[in-house]
Amino acid sequence: MNTKLKELESQCWESRPYGPPWFNAEKFAELIIRHSIWIAYHSHAMSKDAEFTQHLDAVKEHFGIKD
């Protein structure tokens, strides 16, 4: 897992009154989606004539995803 995903993952552990903390997978998914939208939006704002695949590549690069 790359650094950005680890950072998001660390934000998704929640305390409980009894027992160990639990991982909130729904929150993790929401954070990934929010970051992806933010990246695509800003990528588009920087280069409005860019192809969709270039925006997708920006999201992949942000999360360190290799094809």
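Overview of the structure. (Residues numbered from 1 in each chain as written. Predicted model: local features only at pLDDT ≥ 70, side-chain atom pairs only at ≥ 80, totals over all residues. Heavy atoms only, no water.)

Bringing the nonpolar core into the picture now. For soluble globular proteins, nonpolar side chains are generally found buried alongside one another. With 8 residues, the main nonpolar core is built from L5, L8, C12, F28, L31, I39, V59 and F63. Those elements that provide at least two residues to this core are α1 (3-10), α2 (25-46) and α3 (52-63). Looking at which element gives the most residues to this core, the answer is α2, with 3 residues. In this structure C12 touches W22, F23, N24, K27, F28 and L31, once residues within four positions along its chain are discounted. (Core = buried A, V, L, I, M, F, W, Y, C linked by side-chain atoms within 4.5 Å. Buried < 20%, exposed > 50% of the residue type's maximum accessible area, 1.4 Å probe, protein only. Helix = DSSP H or I, 4+ residues; strand = E, 2+ residues; numbered from the N terminus. Contact = heavy atoms within 4.5 Å.)

Each turn of an α-helix holds 3.6 residues, which means side chains three or four residues apart point in the same direction. End to end, α3 covers 17 Å across 12 residues, agreeing with the expected 16 Å (1.5 Å per residue, within 8%). Taken together, the buried positions of α3 are H55, V59 and F63. Projected down its long axis, α3 carries its buried residues within an arc of 75°, all on one side. Two residues or fewer after α3 comes G64, characterised by a positive phi angle close to 70°. (Expected span 1.5 Å × (residues − 1). Arc of directions from axis to C-beta.)

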